[in-house]
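The chain contents come next:
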Amino acid sequence: MGDPRRRVPRTDVLLTHPRLAEAERVLGRTLVKSVIAHAQQRARAGEIEPEQVAEHAVAALPATAASLRPVINATGVVVHTNLGRAPLSQAALEAVTTAGRATDVEFDLATGRRAKRGRGALAALAAEVPEAGGVHVVNNNAAALLLTALVLAPGKEIVISRGELVEIGDGFRIPELLESTGARLREVGTTNRTSLRDYTTAIGGETGFVLKVHPSNFQVTGFTSAVGIRELAKLDVPLVVDIGSGLLRPHPVLPGEPDATTALREGADLVTASGDKLLGGPQAGLLLGEAGLVERLRRHPAARALRVDKLTLAALEATLVGPPPPVEKALTADPAELRARAERIAARLPGARAVDCSAAVGGGGAPGVELPSAGVSLPETCAAPLRTGDPPVVGRLEAGRCVLDLRTVAPEEDELLVAAVLACSS
Ligand SMILES: *Cc1c(COP(=O)(O)O)cnc(C)c1O
C-alpha cells in the first residue's frame, strides 16, 4: 500500500467529482478548492482515509458563497443585535432577490428617463405616516442623526438633556456622534431630572436644535422628570426627536414605546428612527418631518455618503406594504399558543419539558418590558452542541437549563428545531 499520503487524490481529479464540479459552478473555484485543500490536509494528517477526501469535501461545502449562516433565534430576544436584529419577512426577502438584479430603482420605464431613487419605498413610508410632510431614508438611525446635525447645527449647539446622553452599543455614543459633525452639545438638566426652564435658559442665538432622545436601552426610575414633546415644541427652535425603535404608530403590546406619528402630532419637526428594530425591516435610518427640512437633509452633500442601497429600499417597501414581518408576529404571539407549541415539541424530545418563561424586546427597545412566553427546557449541556449544529440554534441559559424560547421561533421553524435537538442529543 505504501505511504497513505501518496494516495491522497489530486485537486484537479477531485474537481471532476460530480458534486464538487457542481459546487464549483454555484460557489466558485476558490471556495471549493479551499474546502478540498482542507480535506486533503486531514488525510495527510491521518485523520481520515485518502479514499474519504471527496466525501469529506462534499460534506464540508457551505450552502452559499457567503459565510453568514441562518440561525434559529430561540433566545426570546425579539430584536437580537448579535443575530442581525430584525429578520425580514418572506415578502421582503423576495423583494431583495428581485432588486439584486438590474432594476428600475432610479429609472422610469414608461418614459425611459431617470426617476427619483427609491420612490416606491418613500411613498410607502409617507403613506404609513401621513403626519410627515416629507420622508427620507439613510443607512441607519446613527446616519439620520449625523445628517440632521450637519444640516441644522453646523458650528452651533445641540441642546440635549443629561438624562438622554445615550450609548447605543458597541461603544458608540450619540453625544460623540453628534460632536463629530462639529456641532457642540449643550447639556441641560441632570441625569434624573430635566425641566422646561433648563431648556429655555440654554436656548439662544447659538442653538441649532433641541434633540430629544428616547433612552431606549435603559430606564431611570424613582425621582425623575423629563420634558415632553408638546412643551418642547413650543420653544422657538427646531425640535428633533430620536424615537429609536421605529414604531410608526402606537403599538398595543408596547404602550410605553414612542412612535413617529404621535411624536409628529405632538409637534416634533423631525423624527429619526431605525428600520431594523421594531419596524421589522432592513437596517435603515428613517427621517420623517416637516417637508422643507427633509428636503434640506436630502440635498446636503453628505446625504450621498449616507444613501441606502437598492436592496434596502426593496426590503423596506415590502416590509411597509407587505404582510406583518417576523418581529410583529413575535410581539403579538399568543402565550397560550406558544405554550401549546412548547408542549408538542417537548413531547418529542427526550429530557425536555415545556416551561413558561419571559421574552424581551431587545435591540435597545422597551427596556423592562417582559413578554409572557413559553419554551422548551433542555439540559444546559445541550447549549453548545445546538449552537454549533446545523442549523445553529441559539437558546438562553436560565437557572442551569438551556431554554428554547418559542416567541422568537417562527412556527414554520418548529420541525427544524426538533430535528436540530434530536441530532445533537443522539
Ligand atoms: C438603536 C438606536 C440608535 C441607533 O440606531 P442605528 O439604526 O443602529 O444606527 C439611535 N438612537 C436610539 C434611541 C436607538 O435606540
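Conventions adopted
- Residues numbered from 1 in each chain as written.
- Predicted model: local features only at pLDDT ≥ 70, side-chain atom pairs only at ≥ 80, totals over all residues.
- Heavy atoms only, no water.
- UniProt positions renumbered as here; feature names shortened; annotations may be inferred.
- Helix = DSSP H or I, 4+ residues; strand = E, 2+ residues; numbered from the N terminus.
- Buried < 20%, exposed > 50% of the residue type's maximum accessible area, 1.4 Å probe, protein only.
- Contact = heavy atoms within 4.5 Å.
- Areas by Shrake-Rupley, 256 points an atom, 1.4 Å probe, with all protein chains shown as cover.
- Lys, Arg positive; Asp, Glu negative; His and termini not counted.
- Charge placed at Lys NZ, Arg CZ, Asp CG, Glu CD.
- Salt bridge = Lys/Arg side-chain N within 4 Å of Asp/Glu carboxyl O.
- Pairing = 2+ DSSP bridges.
- Axes fitted to C-alpha atoms, helices over the stretch in contact; angles between N-to-C directions.
- Arc of directions from axis to C-beta.
- Polar contact = N/O pair within 3.5 Å; in protein donor to acceptor, adjacent residues only side chain to side chain.
- Domains from an automatic or database assignment.
- Disulfide = S-S within 2.5 Å.
- Parallel < 35°, antiparallel > 145°, perpendicular 65-115°, else oblique.
- Nonpolar A, V, L, I, M, F, W, Y, C, P; charged D, E, K, R; others polar.

The chain appears in an unreviewed UniProt entry as L-seryl-tRNA(Sec) selenium transferase from Amycolatopsis sacchari. What the UniProt record of the chain gives under Sequence similarities (unreviewed entry) is the line "Belongs to the SelA family." Comment text from UniProt for the chain, heading Function (unreviewed entry), reads "Converts seryl-tRNA(Sec) to selenocysteinyl-tRNA(Sec) required for selenoprotein biosynthesis."

Caption draft 1: Spatial organisation of the overall build of the chain. In terms of regular secondary structure, the chain is built from 18 helices and 17 strands. Expressed along its principal axes, the backbone C-alpha trace of the chain runs to roughly 90 × 55 × 40 Å. Looking at the chain as a whole, 45% of its 426 residues are labelled buried. In the chain, the proportion of contacts linking residues at least 24 apart, taken out of those at least 6 apart, comes to 73%. Of the roughly 21000 Å² of accessible surface on the chain, 53% is carried by carbon and sulfur atoms. Each charge sign in the chain was given a centre, from 47 positive and 49 negative side chains, and these centres are 5 Å apart.

Caption draft 2: Structural view of the UniProt feature "domain: L-seryl-tRNA selenium transferase N-terminal" (unreviewed entry) in the chain. Residues annotated in UniProt with the feature "domain: L-seryl-tRNA selenium transferase N-terminal" (unreviewed entry) correspond here to residues 5-44. Secondary structure within residues 5-44 divides into 75% helix and 0% strand; the distance between the first and last C-alpha atoms comes to 5 Å.

Caption draft 3: Examining unusual backbone geometry more closely. Here the bond from D390 into P391 is cis, since omega is -5 degrees, no more than 30 degrees from zero. Despite not being glycine, A399 shows a phi value in the positive range, around 50 degrees. Judged by relative accessible area, which is 81%, A399 ranks as exposed.

Caption draft 4: Structural detail: the pattern of salt bridges. With the rule as written, the count across this model stands at 26 salt bridges. With a closest N to O distance of 3.6 Å, R230 and E266 form a salt bridge. Pair noted here: R230 is in helix α10 (residues 229-233) and E266 is in the loop between α11 (260-265) and β11 (270-274), with a separation of 36 residues, a long-range link. One salt bridge connects R339 with E343, and the closest N-O pair in it is separated by 2.8 Å. Here R339 pairs with E343, and both are found in helix α16 (residues 335-347), just four residues apart, close to one helical turn.

Caption draft 5: Molecular detail of the sheet that holds strand β14 (residues 370-379). Here we have four strands laid out as an open sheet, ordered β13-β14-β17-β16, and antiparallel in their pairing. Only two strands of the sheet have a single partner each, and these edge strands are β13 (353-360) and β16 (396-398). With direction set aside, neighbouring strand axes in the sheet form an average angle of 45 degrees. Bridging between β13 and β14 involves eight bridges; their strand directions are antiparallel. Paired with S358 across the bridge in β14 is P372. On top of the sheet, α16 reaches β13 and β14; it is set at about 5 degrees to β14, its chief contact.

Caption draft 6: How the structure looks around the side chain of S89. With respect to the helices, strands and loops of the structure, S89 is situated in the loop between β1 (72-73) and α5 (90-99). Other than its neighbours up to four places away in sequence, S89 contacts P325 and P326.

Caption draft 7: Structural detail: helix α12 (residues 291-299). Within α12 the residues assigned to the buried category are L293, V294 and L297. In a view along the axis of α12, the buried residues occupy a sector of 100 degrees, so they form one face of it. Of the surrounding elements, those touching the buried residues of α12 are β4 (134-138), α7 (141-152), β11, β12 (285-289) and α13 (302-305). Measuring from the backbone nitrogen of G292 back to the side-chain oxygen at the start of α12 gives 3.1 Å, which picks out E290 as the cap.

Caption draft 8: Representation of the domain arrangement of the chain within the structure. Domains assigned within the chain are domain 1 (4-59), domain 2 (72-84 + 328-425) and domain 3 (90-323). For domain 1 versus domain 2, the distance between C-alpha centres works out to 37 Å.

Caption draft 9: Seen up close, the UniProt feature "modified residue: N6-(pyridoxal phosphate)lysine" (unreviewed entry) in the chain. UniProt's entry tags K277 with the feature "modified residue: N6-(pyridoxal phosphate)lysine" (unreviewed entry), counted in the numbering of this structure. Within the element layout of this structure, K277 appears in the loop between β11 and β12.

Caption draft 10: Main features of the sheet that holds β11. Strand order across the open sheet formed by seven strands is β4-β12-β11-β10-β9-β5-β8, with mixed pairing between neighbours. Among the strands making up the open sheet, the edge pair consists of β4 and β8 (184-188). Adjacent strand axes in the sheet meet at a mean angle of 25 degrees when their direction is disregarded. Note that strand β5 (residues 157-161) and strand β9 (residues 207-213) share four bridges and pair parallel. Following the sheet pairing, V159 is matched in β9 by V210.

Caption draft 11: Here's a closer look at the state of the cysteines. Inspection of every chain in the model, using the stated rule, returns zero disulfides. No disulfide involves C424; its nearest neighbouring cysteine sulfur is the one of C382, lying 5.2 Å away. When its relative accessible area of 23% is taken as the criterion, C424 is described as partly exposed.

Caption draft 12: Structural detail: the side chain of T319. Among the structural elements, T319 can be located in helix α14 (residues 310-321). Within polar-contact distance, the side chain of T319 engages the backbone oxygen of A315 at 2.7 Å. Not counting residues within four places of it along the chain, the set of residues in contact with T319 comprises A92, L279, G280, G281, P282 and P325.

Caption draft 13: The packing of α7 against α12, seen in detail. It is at 9 Å that the axes of α7 and α12 come closest, and there the two elements cross at 100 degrees. When the axes of α7 and α12 are compared, the pair comes out roughly perpendicular. From α7, L147, T148, V151 and L152 reach across to α12, where they touch L293, R296 and L297. Classifying every residue of the contact of α7 with α12 by side-chain character gives five nonpolar, one polar and one charged.

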